[in-house]
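Notes for the structure review
As a plain string of letters, each chain reads:
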Amino acid sequence: MGTVLLVALAAVVATVVITGLVRAGRREAQAEKTRLAEEAQRQARRSLEAVWVMDDREFEEYVAQLCRRDGCTDVKRVGGSGDLGADVIGCLPDGRKIVIQCKRYAKHRTVGSRDIQTFNGTARAEHGADVPVFVASCVFTKPARAFAARQHLTLIDINLLGFWNNGTALTSFLDLDIARSGTNRKLRPDHD
């Protein structure tokens, strides 16, 4: 009887120890996953230093080049005065028309709801967009994200732009829940 009790006690102790180790391993794996995601975001941002020194035309052409790289066709940079909110127009690989508004702002700025509302008013009605996309070299405010989510607009902020720049396909961003993804916290300016 004593041997059975000793074996049962050893099994309970082993179960408790193994469970503790598994939980610790899961916590460590989750912490590492979080750390790697944060590092990927920092790396993507660092790779975009050149974006913040581009002028508006260069930024629009840069976005057009990313579209072409991802298989978009008939891509044209059409930005300029009187563009009615369209800086890049083309077709996605599946044939849908994409209209992109580009804002190359300093990293510490934000794009607000008013800019998104203006773009929403022209993207589909004026330009016939199947997929309206707003690309910015900064972040979007929380109200801008909420409005875009309600209107089914795709927002690509500096964080997503970093991933796009590093090879993530444009189509990966089209179905994101923009109200919940990203951040609306401003980045620090380069100068104090």
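The structure under discussion appears in the preceding block.
Please read all numbers here as calculations on a predicted model, not as lab measurements.

Quick look at the overall build of the protein chain now. Looking only at helices and strands, the protein chain features five helices and seven strands. Considering the protein chain as a whole, with its 192 residues, one finds that 38% of them fall into the buried category. Long-range pairs, those at least 24 residues apart, make up 60% of the contacts in the protein chain between residues at least 6 apart in sequence.

To continue, consider the side chain of serine 137. With respect to the helices and strands, the residue serine 137 is situated in the loop between β5 (131-136) and β6 (139-140). There is a polar contact of 2.6 Å between the side chain of serine 137 and the backbone oxygen of tyrosine 105. In this structure serine 137 touches Val51, Trp52, Phe59, Lys103, Arg104, Tyr105, Lys107 and Ile158, once residues within four positions along its chain are discounted.

A word on a nonpolar patch on the surface. Together, Leu9, Val13, Val17 and Leu21 give the surface a local cluster of nonpolar side chains, amounting to about 380 Å² of exposed area. Following the sequence through the fold, valine 17 ends up in helix α1 (residues 2-46). On the basis of relative accessible area, valine 17 is assigned to the partly exposed category, the value being 45%.

All right, on to the packing of aromatic side chains then. Per the stated rule, a full pass over the model turns up three aromatic pairs. Judged by centre distance (5.6 Å) and plane angle (85 degrees), the rings of phenylalanine 119 and phenylalanine 134 are edge-to-face. A residue pair is termed long-range when its members are at least 10 positions apart, and phenylalanine 119 in helix α3 (residues 113-123) and phenylalanine 134 in strand β5 qualify at 15 residues. Considered together, phenylalanine 119 and phenylalanine 134 belong to a single accessibility category, that of buried residues.

What counts and what doesn't
- Residues numbered from 1 in each chain as written.
- Predicted model: local features only at pLDDT ≥ 70, side-chain atom pairs only at ≥ 80, totals over all residues.
- Heavy atoms only, no water.
- Helix = DSSP H or I, 4+ residues; strand = E, 2+ residues; numbered from the N terminus.
- Buried < 20%, exposed > 50% of the residue type's maximum accessible area, 1.4 Å probe, protein only.
- Contact = heavy atoms within 4.5 Å.
- Polar contact = N/O pair within 3.5 Å; in protein donor to acceptor, adjacent residues only side chain to side chain.
- Patch = residues over 30% accessible without salt bridge, like charges linked within 9 Å, V, L, I, M, F, W, Y side chains within 5 Å.
- Areas by Shrake-Rupley, 256 points an atom, 1.4 Å probe, with all protein chains shown as cover.
- Salt bridge = Lys/Arg side-chain N within 4 Å of Asp/Glu carboxyl O.
- Phe/Tyr/Trp six-rings, centres within 6.5 Å; stacked < 30°, edge-to-face > 60°.

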